[in-house]
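The lines below spell out each chain.
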Amino acid sequence: MGNLSLDIRDTSSLPTEDSHCQGFLRRNTELIMGRCQDINSQSLHKVLSGAILSLKELGLTLEREGSLRAPPTSGAPPPASGASHPSGHLAYSQFDHGDVQNGIPASAAPVQRPPASQPFLPGSAPTPVSQISTFQQYGPPPASVQQLRNHMAGMTIGGTAASAPPPAGLGYGVGPSSYPPTTGAPRPPAMPGPPLPGQTVAGPPSSQPNHISSPPPPSTMAGLHPGPPMSGLHGPPPPTHPPQPGYQMQQNGSFGQMRGPPPNYGGAYPGAPNYGSPPGPPPPPKRLDPDSIPSPIQVIEDDRNNRGSEPFVTGVRGQVPPLVTTNFLVKDQGNASPRYIRCTSYNIPCTSDMAKQSQVPLAAVIKPLAALPPEETVPYLVDHGESGPVRCNRCKAYMCPFMQFIEGGRRFQCCFCSCVTEVPPHYFQHLDHTGKRVDFYDRPELSLGSYEFLATVDYCKNNKFPSPPAFIFMIDVSYNAVKSGLVRLICEELKSLLDYLPREGNMEESAIRVGFVTYNKVLHFYNVKSSLAQPQMMVVSDVADMFVPLLDGFLVNVNESRTVIASLLDQIPEMFADTRETETVFAPVIQAGLEALKAAECAGKLFIFHTSLPIAEAPGKLKNRDDRKLINTDKEKTLFQPQTSFYNNLAKDCVAQGCCVDLFLFPNQYLDVATLGVVPYQTGGSIYKYAYFQLETDQYRFLNDLRRDVQKEVGFDAVMRVRTSTGIRATDFFGAFYMSNTTDVEMAGLDCDKTITVEFKHDDKLSEDSGALLQCALLYTSCAGQRRLRIHNLSLNCCTQLADLYRNCETDTLINYLAKYAYRGVLSSPVKTVRDALINQCAQILACYRKNCASPSSAGQLILPECMKLLPVYLNCVLKSDVLQPGPEVTTDDRAYVRQLVTSMDVAETNVFFYPRLLPLTKADVDSDSLPAAIRNSEERLSKGDIYLLENGLNIFVWVGVNVQQGLIQNLFGVSSFSQISNALSTLPVLENPFSKKVRAIVDMLQGQRSRYMKLIIVKQEDKLEMLFKHFLVEDKSLSGGASYVDFLCHMHKEIRQLLS
């Protein structure tokens, strides 16, 4: 195997005169780029002799099949050692989609994704590239082996000194005095996550990203209020430490507490040992070069260049698809498209022992109703008449391309359980000379990976075909909702939006019926029957025993009742204009919608618009239990749990009826998202959150979300089951759904954005010859009331060699699974335990690779599998997310909201949510349709003379440097100077010049790729909002204690070495 080897030597014990550069674990960098082929550990000692090997603490080796790449050198050069890098205090990243262009750090050769064990692209083997070798020495080597051991032992990254509570406060200064510690429980000692010394934390920003809600900004920042959380999530920050005197923020290697005195604390420890270096004038210390460690931007760009031009043909078993960030076309030839199913590995271990040894989770992220690009064909609908789909007699798997026809086509052998089943007479067909049916290409279920069957009455509730579903709009008309202008806005929008309800392909109008309810402490139902001249209101004040006061006239056809509905929507804002009622109920609102759907004998969706904690006397009444003192205690998990079981029982009733709930929240204070979100979550619905809703800045985003939510494809009353071939089985499920048994995933509604993540475990041995098969079957009711089965099939390879497993993994899917696993873990375990478990599992994955698959090399080298070289940087982003490591400005509701949001995300969404996309707008070519090349998420990549855009799926930040040319500012913002740019803009001004048009086109393109409308936030350099922006520069240290990428890589290396020793 060829290695690209990077040795990083530590000079932490050498004295230095720059007091600002004293950090825990000073790093000196030395690149040794050379081919090390077939070198055993003895000859390695000879080749890398003397100081280089003896001082080696961390080397980086990317293992690949036959090709090498020099470290990328993209972006701005790293700042001089000791440059301060405070990074912002929120961390999220959201979705990356197809046609995104990312930056290309110059490199010697593009990295190919290694071919799967059954390659599908001819000539895709990467070619070796010779590297330049440079060897330098920094100081003499230790005199003996024992001295070398002492030297290694001295380079601890992490330790166990007592830690203090996280700092809080506002400001930019570096130094201990500016940040008084927050009150509350101190952090527990010994954090294996990466807490970092020298961090500062800013107070609440005046504008918030989509899911963050701090108090509203002061009047000077008019109009810039934290908006509703759209789809923004944070990367996990690790635990915080108060700043220490005498060193700046951006140090390396500061993970965990310190064991004993760290080397080189500028005089604080006069007798710091010299660790094997005789005294003498040291060379100036260097920082580990960020360009020499794996770059997400480079990997994304390489995959785009190598795999974006050819269609991905699904005919071959176990192919690893292109990355989610690559724009590619899929041709279904027997396996489901990666748009429907992505796996953590496409070559799975043959035995459970091998799976346990590797610790690589075997999981699939399934998006059964995913939307396809226009150039791809939606699944064909197959109608087998009254007999229904052909299935295996024993395991009930559906007919698929992997079934084996025998005895001249009269029987077939099941590919899942090997049972032999008679072919029904109507389905019989002869076989050709290869054993294939002669109608193979005429039948989607024999030749394609994804297709649909029309379900028979046997697949319907009570053996009756379903009625078309209904939508019920339920509007909070309490004082806050009316005063903010929200009620009037909703009513105005619904007048036109009702013409865009979802409908089947060729239908002229939607079959969906609609109904309307308003509520505060009581509920108001409306009769909008087409024969009425005016709508009629009926009030139900007995909320303890909810019933629907009318049947006829509540759910109506939009076209038939158009004038009555329009009259009602005109009257609602006037009726409640003078209300003084501030209290609301919540559970009775859901009960009312559920009863209405029961009475109409149909499934459907409730759209609930709600503003405050439901404290009025009623079932499901809640109290304010927000308590930030619980953070970092064993009781922190209660913040994520519902405060009553009432809503779990209500959710169960909703699922049984096919009643899905979508919840739009407009809070001005705590409203307990963890509890209110239970019913939307378990029914397969969505939550949207717009904190401190302001009409002028937030209406556009809310209306875009509402329009898309009402119009998108959705299946009702859905049940999903995943079948597997003998040897593995589905054991665990993550997502927004309800399960009443161990196999069936039940959802009152499932839309085109929702994913279900499934984990598999071995229950027997697998064979390399036959591989492994998955079949996902989704039974659902379409928006026209048609009962259907959607089937997705996928075949995977099986391996007896660990190297084959590691060669066919997909890191983006792995991170999606690990984030969901961790976010569920916080419901039952302390957050610290969850973080430690994540770090430990990833260290075990990489240690197993190092031990079993890598060429022999020095213990001082960190060796990463080619397919997993981004695992450390992405894992660090998850650890720094607000759910696992909140900054002081992140509210309990924000964390609960993000936790639920991430649980249903697909792989593209978690990719950009945890590692946001950062584009230099000033480098955009105004004459081209392409995006500017992306750059890495670090402050040192930003230039004061440029404008940048950062997106994470929930928010779009536009950062403007202080030295940007006046002409660019005029062209983009329509003002003449930097100081005149307004932070209050929620959209960019429409100006007639090429730069303005290009930037707005980029924003529109990004908005179109995301499932939620992203909030636009303008950030001026050195403005107080900049701290918020820096929270998303995820390669830097975060102010809530999260490690920088460089530091975390060092920490992972230490963990791996401990496991190996």
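Residues numbered from 1 in each chain as written. Predicted model: local features only at pLDDT ≥ 70, side-chain atom pairs only at ≥ 80, totals over all residues. Heavy atoms only, no water.

Chemist: When you look at the overall build of the chain in this model, what are you seeing that I'm missing?
Modeler: If you tally the helices and strands in the chain, you get 24 helices and 31 strands. The buried share among the 1061 residues of the chain stands at 63%. A sequence separation of at least 24 residues applies to 78% of the contacts in the chain between residues at least 6 apart. Of the roughly 36700 Å² of accessible surface on the chain, 51% is carried by carbon and sulfur atoms. (Helix = DSSP H or I, 4+ residues; strand = E, 2+ residues; numbered from the N terminus. Buried < 20%, exposed > 50% of the residue type's maximum accessible area, 1.4 Å probe, protein only. Contact = heavy atoms within 4.5 Å. Areas by Shrake-Rupley, 256 points an atom, 1.4 Å probe, with all protein chains shown as cover.)

Chemist: For this particular structure, what's the right way to read the packing of helix H21 (residues 966-973) against helix H22 (residues 994-1009)?
Modeler: Working note: a packed helix pair is described by the angle between its axes plus the distance between those axes. Direction vectors running N to C along H21 and H22 enclose 60 degrees, while the axes themselves pass 8 Å from each other. In terms of axis orientation, H21 runs oblique to H22. Pair H21 / H22 crosses with right-handed handedness. Every residue of H22 that contacts H21 at Leu968, Asn971 and Leu972 is listed here: Phe995, Ser996 and Val999. Considered class by class, the residues forming the contact of H21 with H22 number 4 nonpolar, 2 polar and no charged. (Axes fitted to C-alpha atoms, helices over the stretch in contact; angles between N-to-C directions. Parallel < 35°, antiparallel > 145°, perpendicular 65-115°, else oblique. Left-handed = near helix turned anticlockwise from the far one by under 90°. Nonpolar A, V, L, I, M, F, W, Y, C, P; charged D, E, K, R; others polar.)

Chemist: I would appreciate a short explanation of the pattern of salt bridges in the present structure.
Modeler: A side chain with one charge may pair with a side chain of the opposite charge, provided their charged atoms come close. In the structure shown here, the tally under the stated rule is 48 salt bridges. The shortest N-O distance in the salt bridge between Arg708 and Asp753 comes to 2.7 Å. Here the residue Arg708 occupies a position in helix H14 (residues 695-711), and Asp753 occupies one in the loop between strand S23 (745-751) and strand S24 (756-762), the gap between them amounting to 45 residues. With relative accessibility at 11%, the residue Asp753 sits in the buried group. Glu1026 is paired through a salt bridge with Lys1030; the nearest N and O atoms lie 3.9 Å apart. One end of the pair is Glu1026 and the other is Lys1030, both in helix H23 (residues 1026-1030) and 4 residues apart, which spans about a single turn. (Salt bridge = Lys/Arg side-chain N within 4 Å of Asp/Glu carboxyl O.)

Chemist: I keep staring at the side chain of Ser561 and nothing clicks. Help me out?
Modeler: Of note, Ser561 is situated in the loop between strand S17 (536-540) and helix H9 (562-575). Exposure remark for Ser561: the relative accessible area of 2% places this residue in the buried category. Reaching out from Ser561, the side chain makes a polar contact with the backbone nitrogen of Ser530 at a distance of 3.3 Å. (Polar contact = N/O pair within 3.5 Å; in protein donor to acceptor, adjacent residues only side chain to side chain.)

Chemist: Explain a nonpolar patch on the surface to me, please; I cannot follow it from the model alone.
Modeler: Together, Met537, Val539 and Met575 make up a nonpolar patch on the protein surface, roughly 250 Å² of accessible area in all. Summarising the element assignment, Met537 is placed in strand S17. Judged by its relative accessible area of 35%, Met537 falls in the partly exposed class. (Patch = residues over 30% accessible without salt bridge, like charges linked within 9 Å, V, L, I, M, F, W, Y side chains within 5 Å.)

Chemist: Looking at this structure, how should I read the pairing of strand S8 (residues 363-366)?
Modeler: Two faces, one strand: in a regular strand the side chains alternate between the faces of the sheet. Neither face of S8 is open: one carries Ala363 and Val365, the other Ala364 and Ile366, and all of them are buried. Pairing analysis gives 3 bridges linking strand S6 (residues 341-343) to S8, with the strands arranged antiparallel. Across the sheet, residue Cys343 finds its bridge partner in S8, namely Ala364. Of the pairings in the sheet, the one linking S8 to S24 comprises 4 bridges and is antiparallel in character. Its bridge partner being in S24, Ala364 is matched across the sheet by Val758. (Pairing = 2+ DSSP bridges.)

Chemist: When you look at the sheet that holds strand S19 (residues 659-665) in this model, what are you seeing that I'm missing?
Modeler: Pairing is mixed in the open sheet, where 7 strands are placed in the order S17-S16-S15-S14-S18-S19-S20. Of all strands in the sheet, those bounded by a partner on one side alone are S17 and strand S20 (687-689). Within this sheet the neighbouring strands show an average axis-to-axis angle of 20 degrees, counted without direction. By the bridge criterion, 6 bridges tie strand S14 (residues 470-476) to strand S18 (residues 604-610) in an arrangement that is parallel. Pairing of Phe471 across the sheet is with Lys605, part of S18. In the packing of H9 onto the sheet, the strands contacted are strand S15 (513-519), strand S16 (523-527) and S17, and the crossing angle to S15 comes to about 10 degrees.

Chemist: What should I look at first to understand the side chain of Glu810 in this one?
Modeler: Along the chain, Glu810 turns up in the loop between helix H15 (802-807) and helix H16 (811-825). The class of Glu810 is buried, set by a relative accessible area of 0%. Of note is the side chain of Glu810, whose polar atom sits 2.3 Å from the side chain of Arg342. Reaching out from Glu810, the side chain makes a polar contact with the side chain of Thr813 at a distance of 2.2 Å.

Chemist: I keep staring at the layout of surface pockets and nothing clicks. Help me out?
Modeler: Rolled over the atoms, a probe sized like a water molecule indicates the empty space that remains. The calculated volume of the second largest pocket comes to roughly 550 Å³. Residue lining of the second largest pocket: 23 residues in total, with Arg503, Glu504, Gly505, Glu713 and Arg788 positioned closest to the centre. At the level of secondary structure, the elements contributing two or more residues to the lining of the second largest pocket comprise strand S21 (714-724) and strand S26 (787-799). Counted by class, the lining of the second largest pocket contains 12 nonpolar, 4 polar and 7 charged residues. (1 Å grid on protein atoms, 1.4 Å probe; cavity = no way out; pocket = protein on both sides within 12 Å on 5 of 7 lines; lining within 4 Å. Points joined across faces, edges and corners; volume = space filled by probe spheres on them.)

Chemist: Mind showing me how you'd approach the packing of aromatic side chains here?
Modeler: The relation between two aromatic rings is expressed through the spacing of the ring centres and the mutual angle of the planes. Evaluation of the coordinates by the stated rule reveals 33 aromatic pairs. Both rings, one in Tyr823 and one in Phe914, keep their centres 6.4 Å apart while their planes meet at 75 degrees; by these two values the pair is edge-to-face. Of this pair, Tyr823 sits in helix H16 while Phe914 is found in helix H20 (residues 907-914), placing the two residues 91 residues apart along the sequence. The same class applies to Tyr823 as to Phe914, namely buried. Between Phe913 and Phe914 the ring centres are 5.1 Å apart and the planes differ by 75 degrees, which places this aromatic pair in the edge-to-face class. Here the two residues Phe913 and Phe914 agree in accessibility, since each one is buried. Through a chain of ring-to-ring contacts, three or more aromatic side chains come together here, namely Phe609, Phe664, Phe666, Tyr688, Tyr690, Phe693 and Phe702. Cation over ring: Arg437 sits above Phe405, and NZ or CZ is 4.9 Å from the ring centre. When the ring centre of Phe978 is taken as reference, the NZ or CZ atom of Lys1020 above it lies at 5.4 Å. (Phe/Tyr/Trp six-rings, centres within 6.5 Å; stacked < 30°, edge-to-face > 60°. Lys NZ or Arg CZ within 6 Å of the ring centre and 35° of its normal.)

Chemist: I tried to follow the nonpolar core on my own but got confused; where do I start?
Modeler: Across soluble globular proteins, nonpolar side chains have a tendency to be buried as a group. Phe525, Ile608 and Leu884 are the most contacted members of the largest nonpolar core, which has 141 residues in total. Counting contributing residues, this core receives three or more from each of domain 2 (468-586 + 602-622 + 660-711) and domain 3 (916-1033). Counting 43 residues, the second-largest nonpolar core is a separate cluster that includes Phe471, Val482, Ile490 and Leu706. (Core = buried A, V, L, I, M, F, W, Y, C linked by side-chain atoms within 4.5 Å. Domains from an automatic or database assignment.)

Chemist: Would you take a moment to explain the environment of Cys848 for this structure?
Modeler: If you trace the backbone, Cys848 turns up in helix H17 (residues 831-852). Remark: the alpha-carbon pair of Cys848 and Tyr806, spanning 42 residues in sequence, is separated by 9.9 Å. Apart from the residues lying within four places of it in its own chain, the contact partners of Cys848 are Gln357, Ser358, Leu802, Tyr806 and Cys853.

Chemist: Looking at this structure, I do not really get the sheet that holds strand S31 (residues 1015-1020). What am I missing?
Modeler: Within a sheet, neighbouring strands are paired by backbone hydrogen bonds and run either parallel or antiparallel to one another. Taken in spatial order, the 4 strands make up an open sheet running S28-S29-S30-S31, and their pairing is mixed. Looking at strand neighbours, the two that pair on one side only are strand S28 (917-920) and S31, the edges of this open sheet. Pairs of neighbouring strands in the sheet enclose a mean axial angle of 20 degrees, with direction left out of account. Pairing between strand S30 (residues 955-960) and S31: 6 bridges, direction parallel. Note on S31: the bridge partner recorded for Val960 is Lys1020.

Chemist: Would you mind showing me how to read the confidence of the model for the chain here?
Modeler: Detailed conclusions should not be drawn from predicted coordinates in areas where pLDDT is low. Of the residues in the chain, 73% reach a pLDDT of 70 or more, and the chain-wide mean stands at 80. Segment residues 64-207 is flagged for pLDDT under 50; beyond a separation of four residues in sequence, or across chains, it makes 525 contacts in the model. Across residues 214-279 the pLDDT falls below 50, and counting only partners more than four positions away or on other chains, this stretch makes 326 contacts in the model. (pLDDT = per-residue confidence, 0-100.)

Chemist: What should I look at first to understand unusual backbone geometry in this one?
Modeler: Negative phi characterises most residues that are not glycine, and trans characterises most peptide bonds. In this structure, Asn632 takes a positive phi of about 65 degrees despite not being glycine. Looking at where Asn632 falls in the secondary structure, it is placed in the loop between S18 and helix H11 (646-657). Taking the relative accessible area as the measure of exposure, Asn632 reaches 22% and is therefore partly exposed. Of note in this structure, Tyr692 is not a glycine but carries a positive phi near 50 degrees.

Chemist: Explanation requested: the packing of helix H8 (residues 486-497) against H14 in the structure shown.
Modeler: Viewed as axis vectors pointing N to C, H8 and H14 meet at an angle of 40 degrees, and their least axial separation amounts to 11 Å. Classified by the angle between their axes, H8 and H14 sit oblique to one another. Between H8 and H14 the crossing geometry is right-handed. Contacts from Leu486, Leu489, Ile490, Glu493 and Leu497 of H8 reach H14 at Leu695, Gln699, Phe702, Leu703, Leu706, Arg707, Val710 and Gln711. Of the residues contributing to the contact of H8 with H14, the split by class is 9 nonpolar, 2 polar and 2 charged.

Chemist: Sorry if this is basic, but what is going on with the environment of Ile1056 here?
Modeler: With respect to the helices and strands, Ile1056 occurs in helix H24 (residues 1045-1060). Residue class for Ile1056 comes out buried when judged on its relative accessible area of 4%.

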